[in-house]
Amino acid sequence: MVTRMGSAAKIEMLMTREYLRQKYSLPRPSQGLQTTGGYTDIFVTGVIGPVVHADVASLYPSIMIGNRIGPAKDALGVFLAMLEELTTQRLDIKQRARSTPDPIERSRLDAQQSSLKILINSFYGYLGYSRALFNDYEQADAVTTAGQEILRQIIGTIRERQGTVIEVDTDGVFFVPPPDCDSEDAERSFVRTVALTLPPRIALEHDGRYARMLSYKKKNYALLGYDGRLTIKGSSLVSRSMERFGRAFIRQAIERILSNDIDGLHRLYLNTVSAI
């Protein structure tokens, strides 16, 4: 059953197993609604560069462990104990994946830690799941409120040090580094400096650097790497429901926009209209 279930159901099965093992009664799901959501915002649109992405590693699980946030109905304290154990296992497997020289073993370990990451990140969602036996909307709100405070703190620190924040969500922050950050080492050092201002257990990591970024709207952007590789995110820019020629047109248009080839963009448009 575990192999076929979603993450929330896996968490509940693990908790139920322990409660049955200790012969302790199970609660009923709570009624209510979650009132506080994750923090997502965009501050700059258009073409910007250079750009750095700083990732807040496992933000919600880190908050829950650090602030001891778990369901009030969990009388045995199983929820946080499981979260801590699974997090420890994942970090151990991730470290082993980095150190092993065997590519096949490294791939296996990486898949394992990725699976654990998905499960760990679902603990927050479980708190706000209406059918969960151990749900707790108040505690779910406490997690998102703490997450908003941390992200706003990161934004403030970047701005204080002359960086320009482009976009923020629960995964991390896109920003233009300060003028004196003119290399990858300088960017990594800057991210480490910002990380030192954060609460214990909250890890901020340098997760990528890009020559240019097209910031379109929340969670919709395109990134041009220093290697020329283009990455497009967001259903407003590329959608599965879009015809293939439309996706190709948008991709080629973004390539020209990011390279400041306005004449090429105009020719692409005219050629596409003619082809249609």
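See above for the structure.
Our subject in this report is the structure included herewith. (Residues numbered from 1 in each chain as written. Predicted model: local features only at pLDDT ≥ 70, side-chain atom pairs only at ≥ 80, totals over all residues. Heavy atoms only, no water.)

### Points about a nonpolar patch on the surface
Working step 1: A cluster of nonpolar side chains, Tyr269, Leu270 and Val273, forms an exposed patch at the surface whose accessible area comes to about 290 Å².
Working step 2: Considering the arrangement of structural elements, one finds Val273 in helix H8 (residues 262–275). (Patch = residues over 30% accessible without salt bridge, like charges linked within 9 Å, V, L, I, M, F, W, Y side chains within 5 Å. Areas by Shrake-Rupley, 256 points an atom, 1.4 Å probe, with all protein chains shown as cover. Salt bridge = Lys/Arg side-chain N within 4 Å of Asp/Glu carboxyl O. Helix = DSSP H or I, 4+ residues; strand = E, 2+ residues; numbered from the N terminus.)

### Some remarks on the nonpolar core
Grouped burial of nonpolar side chains is what soluble globular proteins tend to show.
Working step 1: Membership of the largest hydrophobic core comes to 51 residues, with the highest contact counts inside it found for Met64, Phe79, Phe123, Ile154 and Leu204.
Working step 2: Those residues in contact with Phe79 that sit more than four places away from it in its chain are Ile11, Met15, Met64, Ile69, Gly70, Pro71, Asp74, Phe123, Tyr126 and Leu127.
Working step 3: One finds Ile48, Phe174, Tyr210 and Tyr221 within the second-largest nonpolar core, a separate group that totals nine residues. (Core = buried A, V, L, I, M, F, W, Y, C linked by side-chain atoms within 4.5 Å. Buried < 20%, exposed > 50% of the residue type's maximum accessible area, 1.4 Å probe, protein only. Contact = heavy atoms within 4.5 Å.)

### Things to note about the pairing of strand S9 (residues 230–233)
Working step 1: Burial of S9 is one-sided: the residues Leu230 and Ile232 facing one way are buried, the residues Thr231 and Lys233 facing the other way are not.
Working step 2: Bridge analysis of strand S8 (residues 220–224) against S9 gives four bridges, and the strand direction is antiparallel. Its bridge partner being in S9, Ala222 is matched across the sheet by Ile232.
Working step 3: Between S8 and S9, which pair antiparallel one after the other, the connecting turn spans five residues, and Gly228 there sits at a positive phi close to 90°. (Pairing = 2+ DSSP bridges.)

### Examining unusual backbone geometry
Working step 1: Geometrically, the link from Gly49 to Pro50 is a cis peptide bond, its omega value of -5° lying close to zero.
Working step 2: Positive phi, close to 45°, is recorded for Ser58, a residue that is not glycine.
Working step 3: Here Asn260, not a glycine, exhibits a phi torsion of approximately 60°, which is positive.
Working step 4: By secondary structure assignment, the location of Asn260 is in the loop between helix H7 (244–258) and H8.

### A closer look at the sheet that holds strand S1 (residues 41–42)
Sheet strands associate in pairs through backbone hydrogen bonding, adopting either a parallel or an antiparallel arrangement.
Working step 1: Spatial ordering of the open sheet is given by S1-S4-S5-S3-S6, a layout of five strands whose pairing is antiparallel. The sheet terminates laterally at S1 and strand S6 (203–210), the two strands that pair on one side only.
Working step 2: Relative to strand S5 (residues 172–176), strand S4 (residues 164–169) runs antiparallel, the two being bridged by five bridges. Residue pairing for S5: Glu167 is matched across the bridge by Phe174.
Working step 3: Packing of helix H5 (residues 137–160) onto the sheet brings it into contact with strand S3 (51–57), S4, S5 and S6, and relative to S4 it is tilted by some 170°.
Working step 4: Sitting on the sheet, helix H6 (residues 184–195) touches S3, S5 and S6, and the angle it makes with S6 is about 155°. (Axes fitted to C-alpha atoms, helices over the stretch in contact; angles between N-to-C directions.)

### Some points on helix H2 (residues 59–66)
Working step 1: Judged by how many residues are buried, H2 sits mostly within the fold: seven of eight residues are covered.
Working step 2: For H2, the set of buried residues is Leu59, Tyr60, Pro61, Ser62, Ile63, Met64 and Ile65.
Working step 3: Residues of H2 that are buried make contact with S3, helix H3 (78–99), helix H4 (103–127) and H5.
Working step 4: Phi turns positive one or two residues past the end of H2, at Arg68, with a value near 55°.

### Details of the packing of aromatic side chains
Working step 1: Following the criterion strictly, the structure yields seven aromatic pairs and no others.
Working step 2: An angle of 85° between the planes, with centres 5.7 Å apart, marks the rings of Tyr19 and Tyr24 as edge-to-face.
Working step 3: For Tyr19, a relative accessible area of 1% gives the class buried.
Working step 4: Ring geometry for Tyr19 and Phe134: centres 5.0 Å apart, planes at 55°, overall tilted. Of this pair, Tyr19 sits in helix H1 (residues 7–21) while Phe134 sits in the loop between H4 and H5, placing them 115 residues apart in sequence. One exposure class covers both Tyr19 and Phe134, and it is buried.
Working step 5: Over the ring of Tyr39 we find Arg152, and its NZ or CZ is 4.4 Å from the ring centre. (Phe/Tyr/Trp six-rings, centres within 6.5 Å; stacked < 30°, edge-to-face > 60°. Lys NZ or Arg CZ within 6 Å of the ring centre and 35° of its normal.)

### Quick notes on the pairing of S8
Working step 1: A large share of S8 lies buried, amounting to four of its five residues.
Working step 2: Pairing of strand S7 (residues 212–217) with S8 involves five bridges; the strand directions are antiparallel. Residue pairing in the sheet places Leu214 in a bridge with Ala222 of S8.

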